[in-house]
Amino acid sequence: MSLQSGLDALKQKRYQEAVELLEQFCRDCVERDSSDYLSAQMWLMKAYQATGETEKAKALCQKLMMSENPQARSWAEQASQSFRQTPTNASQKAGRAATTGMKLAMGGVGGSLALASGVTMTLLFGMVLALGLSLVFIIGSDDPLQGLAIAIGITLVFNIAAFFISPFIMDLTQGWLYQTRWVELAEVETLSPETAKVIQQICEQKKLKMPRLGIINDQNPTAFTYGSLPNSARLVVSQGLFTYLDDDEIATVYAHELGHIVHWDFAVMTVASTLVQICYLIYITARRLGRGGDSKIKDAIQTAGLVAYVFYVIGTYLVLYLSRTREYFADHFAAESTGNPNGLSRALVKIAYGILEEGSRTQEPSRLIEGTRALGIYDHKAAASTGTAYRIASDSQKIGRVFLWDMFNPWGWWMELNSTHPLTGKRVRALSNYAEQLGLPTEFDMGRVIGEGKTLNKSRLYGNFFLDVVLYGAETIGFFVGLVMGIILWSSSPNTGLVIGAPLIGLGIGILVKALVMFPDYKQAPETDILTLMSDPYASPLRGQPAKLEGQLIGRGDAGYKFGSDLKIQDRSGMLYLHYASRFGPIGNFLFGMKRVQSLIGEQVGAVGWFRRGVAPWMDLIQLQSENGTIVNSYHRFWSFILGGGSIILGVVLTMFLSSR
């Protein structure tokens, strides 16, 4: 794909074709500092403006303004003047309060932050105490009181070390992985004048020391805070925040992050996350040390490792709950301190859009977004549906329809248990409530969304939900049911084969039953688009929805994995992840990722698969067919039947073999 073909299309006013050709050239270009690449970026910005894609043009202009090439910077600065006359969604923004600081009722949203923090830290402290006791028992102390004192000492050392050392470890990590640049308030003010005022205002009112401000030169929009004490907190944002958000929206994001500092929850999260990792490290160490040596010490080490792993799992869910709760309270703080809940609603949606846009421009997922998922203001896994809606909706009120799943589908609540952030629809609904308290029109017509939600078919939403939850874990349930039945039968007729074979038979039956529900017949799969799929309030992570899509493969879907076999497809309405399964299993996946994926990227394809919706939507791929005749088959259902049937056969064979001995 040549640069000249894109320029020719632009000169001949074939703007949409020019966009496609120039985007393709930019994706294929290896030397990102070359003059051809920069020229393509400049002309692509013009093509975006010609097709009415103002947000894309603006984002690209901001990116060029940060270029190391002085000519590109100068050109972008001059081009940015045109956006002042270009009508955008900004002129349609919902308003903000005339004054700030008005108290807003949360109405029970998010629960209690103090309770969540207290329970999380108490239980985690208890976990480390128990691990300390386990270590003492391994040492073999003869004096219980002395052993208890040692255990408490170990616990205190862990907690104090985690509290004070964690921020410095984070500093090193941020600098190494993301090249965080520490800046003064004056630089932030040049990028967003209102943000500087908000920072100064909040710090003065709450008697806070100015947090250490950092900027990461990454166009994926995000923001996060970490540290041990409010007066030594770090507040870091990416350059993408200034690219995709307007001045008042950036200010609400900073206010949100300052809310974490005011509430002290950033410190609790820093320590809690560290303690959970300590539990995991103890588990890994104990598993390694427990492989040999004295049987008594070995058993004690293995017990400590098992306890550590259980605490790690429990601790992970405690941290996730605390993380979701603190986001609601930080949103509330930002709404109160800026008087602009609508600005934060827009910011959340635009951040999703920015993550989606940046994901479509690169073949590899962002390490920054993946690595700061728990700390960031937005869970990137939830960005696809919201970002897709913002990309193509001319009326901002229409965006709200993608929030139906978040607020009314019972799978939303279930999947949220494993999420670091509340679902976007729930956050926007809370912010809309604050806007109503301030007497403002809401940015997104959540009243209409809620009204539509009340008309949804309740039996379709909830009728099979509990059965589906059981089916979602059918293989695990089948294994344990088989184990229990094997033990019962073994107690009446001693047969070792039953104890070993029955769980495998139960496991296989569970896999097969689940597969029949997950992978329905796809021969009549309807042709559709990504936004339509994402707007379906009845979508499920279990019951696959057969669908056909037409679009372009734009990159890999596996974060940070060079040979990942999953793909990203983009059509005119959005982007979706495609999960691939080779007929040869994991080895086939690896070989496909290593040898085939790169050659497929950039191809226009037809994709058939089963669409699913969790916190993040995706499609389990059945077949890809490109314009040049390349066909890729995927074997999700095949492997379910192979594993299920194989488990049953193995269980039967073992039962018969061992019973005959």
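This text goes with the structure placed above it.
Calculation criteria
- Residue indices follow the written sequence of each chain, beginning from 1 at its first position.
- Given that the model is predicted, a residue must reach a pLDDT of at least 70 before its local features are reported, and side-chain atom pairs must reach 80 or more before they are shown or counted; all residues, however, enter totals for whole chains, interfaces and linings.
- Note: side-chain values were computed over all heavy atoms of the structure, leaving out hydrogens and water.
- Each helix is a run of H or I in the DSSP string that is no shorter than four residues. Each strand is a run of E no shorter than two, and both are numbered from the N terminus.
- Note on contacts: a residue pair is in contact if any heavy atoms of the two residues lie within 4.5 Å.
- With residues, only the protein chains shown are counted as cover, and all accessible areas are computed by Shrake-Rupley using a 1.4 Å probe.
- What makes a salt bridge here is a side-chain nitrogen of Lys or Arg within 4 Å of a carboxyl oxygen of Asp or Glu, nothing more.
- Relative accessibility under 20% of the residue-type maximum defines a buried residue, over 50% an exposed one, and the middle range a partly exposed one, all with a 1.4 Å probe and only protein chains included.
- Note that patches include only residues with greater than 30% relative accessible area and no salt bridge, and the join distances are 9 Å for like charges and 5 Å for nonpolar side chains (Val, Leu, Ile, Met, Phe, Trp, Tyr).
- Given the number of residues in a helix, its expected span is that number minus one, multiplied by 1.5 Å.
- Residue types Ala, Val, Leu, Ile, Met, Phe, Trp, Tyr and Cys, when buried and joined through side-chain atoms within 4.5 Å, form a set referred to as a nonpolar core.
- Stacked, edge-to-face and tilted are the three classes for Phe, Tyr and Trp ring pairs, Trp counted by its six-membered ring, which pair at centre distances within 6.5 Å; planes under 30 degrees apart are stacked, over 60 edge-to-face, the rest tilted.
- Note: the arc covers the axis-to-C-beta directions of the helix.
- Any two strands are treated as partners once DSSP identifies two or more bridges connecting them.
- Lines are fitted to the C-alpha atoms to define the axes, a helix being fitted only along its stretch in contact, and any angle between axes, read from their N-to-C directions, falls within 0 to 180 degrees.
- An angle counts as roughly parallel when it lies under 35 degrees, as roughly antiparallel when it exceeds 145, as roughly perpendicular when it falls between 65 and 115, and as oblique in every other case.
- Crossings are classed by handedness, with left-handed meaning an anticlockwise turn of the near helix from the far one by less than a right angle and right-handed meaning a clockwise turn.
- The nonpolar class holds Ala, Val, Leu, Ile, Met, Phe, Trp, Tyr, Cys and Pro. Asp, Glu, Lys and Arg form the charged class, and all remaining residues, Gly among them, are polar.

Caption draft 1: Spatial organisation of the overall build of the protein chain. Secondary structure assignment for the protein chain yields 29 helices and 10 strands. Long-range pairs, those at least 24 residues apart, make up 72% of the contacts in the protein chain with a sequence separation of at least 6. Put simply, the protein chain shows about 29700 Å² of open surface, and 60% of that area lies on carbon and sulfur atoms.

Caption draft 2: Structural view of the pattern of salt bridges. In the structure shown here, the tally under the stated rule is 15 salt bridges. For Asp-265, the salt bridge identified is with Arg-326, shortest N-O distance 2.8 Å. One end of the pair, Asp-265, is in helix 12 (residues 265–289); the other, Arg-326, is in helix 13 (residues 295–338), with 61 residues separating them in the sequence. Taken individually, Asp-265 and Arg-326 each receive the classification buried, so the pair is uniform in this respect.

Caption draft 3: Here's a closer look at a nonpolar patch on the surface. On the surface, a nonpolar cluster with roughly 560 Å² of combined accessible area is contributed by Ile-160, Phe-164, Ile-165, Ile-169, Leu-229 and Trp-264. In this structure, Ile-165 sits in helix 7 (residues 144–178).

Caption draft 4: Helix 20 (residues 424–437), seen in detail. Over its 14 residues, helix 20 extends 20 Å from the first C-alpha to the last, a length consistent with the 20 Å expected when each residue adds 1.5 Å. What helix 20 keeps buried is the set Thr-424, Gly-425, Arg-427, Val-428, Ala-430, Leu-431, Ser-432, Tyr-434 and Ala-435. At the exit of helix 20 stands Gly-439, carrying a positive phi of roughly 75°.

Caption draft 5: Spotlight on the nonpolar core. With 120 residues, the main nonpolar core has Leu-241, Val-253, Tyr-254, Tyr-378, Ile-569, Leu-578 and Leu-624 as its most contacted residues. Among the elements that line this core, the one with the most residues is helix 14 (residues 341–360), at eight residues. Contact partners of Val-253, with chain neighbours within four places excluded, come to Ala-223, Leu-241, Leu-245, Leu-344, Ala-347, Ile-351 and Ile-377. Counting residues in hydrophobic clusters, the runner-up holds 26 residues, among them Leu-3, Tyr-48, Ala-72 and Ala-79.

Caption draft 6: Highlighting the packing of aromatic side chains. Applying the stated rule across the entire model yields 13 aromatic pairs. Judged by centre distance (6.3 Å) and plane angle (20°), the ring pair of Phe-224 and Tyr-226 falls under stacked. We classify Phe-224 as buried; its relative accessible area is 0%. Looking at Tyr-226, the relative accessible area reads 1%, which means it is buried.

Caption draft 7: Structural view of helix 21 (residues 446–454). Among the residues of helix 21, Met-446, Val-449, Ile-450 and Gly-453 are the ones counted as buried. Along helix 21, the residues classed as buried sweep out an arc of 95° about the axis, all on the same side.

Caption draft 8: Geometry of the sheet that holds strand 1 (residues 181–183). Read from one edge to the other, the open sheet built from four strands follows the order 1-2-4-3, with strand pairing classed as mixed. Both outer strands of the open sheet, strand 1 and strand 3 (223–226), are each paired with one neighbouring strand and no more. Each neighbouring strand pair of the sheet contributes to a mean axis angle of 30°, computed without reference to strand direction. Relative to strand 2 (residues 212–216), strand 1 is paired through three bridges, and the arrangement is antiparallel. Bridged to Arg-181 within strand 2 is Ile-215.

Caption draft 9: Inspection of the packing of helix 25 (residues 496–518) against helix 29 (residues 636–659) at higher detail. Axis separation between helix 25 and helix 29 bottoms out at 7 Å; the angle between their running directions is 165°. When the axes of helix 25 and helix 29 are compared, the pair comes out roughly antiparallel. Remark: the crossing between helix 25 and helix 29 carries left-handed chirality.

Caption draft 10: Quick peek at the pairing of strand 8 (residues 604–613). Across the 10 residues that make up strand 8, a large majority, nine, are buried. With eight bridges joining them, strand 5 (residues 545–556) and strand 8 adopt antiparallel strand pairing. From the neighbouring strand, Pro-546 faces strand 8, where its bridge partner is Trp-610. Linking two consecutive strands that pair antiparallel, namely strand 8 and strand 9 (residues 617–626), is a turn of three residues.

Caption draft 11: Up close: the packing of helix 24 (residues 474–492) against helix 25. Running from amino to carboxyl end, helix 24 crosses helix 25 at an angle of 155°, the nearest separation of the two axes being 7 Å. Judged by the inter-axis angle, helix 24 sits roughly antiparallel to helix 25. Judged by the sense of rotation from one axis to the other, the crossing of helix 24 with helix 25 is right-handed. For the pair formed by helix 24 and helix 25, the contact residues are Ala-474, Glu-475, Gly-478, Phe-479, Gly-482, Leu-483, Gly-486, Leu-489 and Trp-490 on the first element and Thr-496, Leu-498, Val-499, Ala-502, Pro-503, Gly-506, Leu-507, Gly-510, Ile-511 and Lys-514 on the second. Within the contact of helix 24 with helix 25, the residues separate by chemical class into 11 nonpolar, six polar and two charged.

Caption draft 12: Fine view of unusual backbone geometry. Phi at Gln-179 is positive, roughly 55°, even though this residue is not glycine. One non-glycine residue, Lys-207, lies in the positive phi region at around 55°.

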